[in-house]
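# Geometric and topological summary
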Amino acid sequence: MNDSKDVLQSPLFQAVAGLAFESIMVTKASSDHTNSVIVYVNPAFSNLTGYSADEVIGKTPGLLQGPKTERGVKERLAEDLKNNRTFHGDTINYRKDGSTFIIEWKIAPVMDGDEVTHYVAVQRAVG
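Conventions adopted
Residues numbered from 1 in each chain as written. Predicted model: local features only at pLDDT ≥ 70, side-chain atom pairs only at ≥ 80, totals over all residues. Heavy atoms only, no water. Helix = DSSP H or I, 4+ residues; strand = E, 2+ residues; numbered from the N terminus. Rg over C-alpha atoms; globule rule 2.2 N^0.38 Å. pLDDT = per-residue confidence, 0-100. Buried < 20%, exposed > 50% of the residue type's maximum accessible area, 1.4 Å probe, protein only. Contact = heavy atoms within 4.5 Å. Polar contact = N/O pair within 3.5 Å; in protein donor to acceptor, adjacent residues only side chain to side chain. Pairing = 2+ DSSP bridges. Axes fitted to C-alpha atoms, helices over the stretch in contact; angles between N-to-C directions.

### Re the overall build of the protein chain
Across its full length, the protein chain holds 5 helices and 5 strands. The helix and strand sequence of the protein chain, counted from the amino end, reads α-α-β-β-α-α-α-β-β-β. Against the compact-globule benchmark of 14 Å for 127 residues, the protein chain has a radius of gyration of 14 Å, which places it among compact chains. With the C-alpha coordinates of the protein chain rotated into their principal frame, the extents come out at 40 × 30 × 20 Å.

Printed below as a string of C-alpha cells:
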C-alpha cells in the first residue's frame with residue numbers, strides 16, 4: 001500500500017473527503033486495536049465536533065467520549081475492530097464545548113493483505 005500520508009494528501013481523497021456532508025475520520029491502526037491515533041479529519045468533522053484538525057491529529061478518538069458514552073457500545077466497537085469487522089452503532093459523544101450529541105457511525109478496517117493499517121470512520125449527529 002502507498003504511504004498513508006501520500007494517500008491522505010492525494011487530490012482524489014482530499015476532494016472526496018472535503019466534499020462529504022458527513023464527518024470522516026481516519027486513524028492509524030495500532031497493534032492492540034484500541035489506541036489508534038487520528039491522522040485525518042475532514043471539515044465536516046470540525047463542524048460536527050468543534051475541534052480543528054490540528055487539535056485532534058495525533059490523539060485518539062476517545063477525546064470525543066465522556067461519562068454518557070455507553071460502555072457496551074465501546075466494548076462492541078473494540079470487539080469488531082479486534083476481529084477486523086466493520087462496526088456500526090450509535091452513542092453519546094461530546095463536542096469541544098462539552099455539549100453532547102448522539103452520534104451514529106460506521107468504522108471499517110483498511111487492510112493491506114492480512115494487516116489492518118487504518119480505520120475509516122464516517123459519523124453523523126442523529127439527535
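So, next bit.
### What about the confidence of the model for the protein chain?
Confidence in the prediction of the protein chain, expressed as mean pLDDT, is 91, and 95% of residues score 70 or more. In the model of the protein chain, helix α1 (residues 4-8) stands out as the element of lowest mean pLDDT, 74, in contrast to strand β3 (residues 87-94), which has the highest, 97.

### Describing the environment of Arg95
Along the chain, Arg95 falls in the loop between β3 and β4 (100-112). Overall, Arg95 belongs to the partly exposed group, its relative accessible area being 24%. For Arg95, the contacting residues outside a window of four places in its chain are Leu48, Thr49, Tyr51, Thr100 and Phe101. From its side chain, Arg95 meets the backbone oxygen of Leu48 in a polar contact 2.9 Å long.

### What about the sheet that holds strand β1 (residues 23-28)?
Sheet strands pair via backbone hydrogen bonds, and the direction of the pair is either parallel or antiparallel. Read across the open sheet, the 5 strands follow the order β2-β1-β5-β4-β3; overall the sheet is antiparallel. Edge positions in the open sheet fall to β2 (37-41) and β3, since each of these has one partner strand only. With direction set aside, neighbouring strand axes in the sheet form an average angle of 30°. Across the face of the sheet, helix α2 (residues 11-19) comes into contact with β1 and β2 while running at roughly 85° to β2. The strands that helix α5 (residues 71-82) touches are β3, β4 and β5 (115-125); relative to β3, the one it contacts most, it runs at about 140°.

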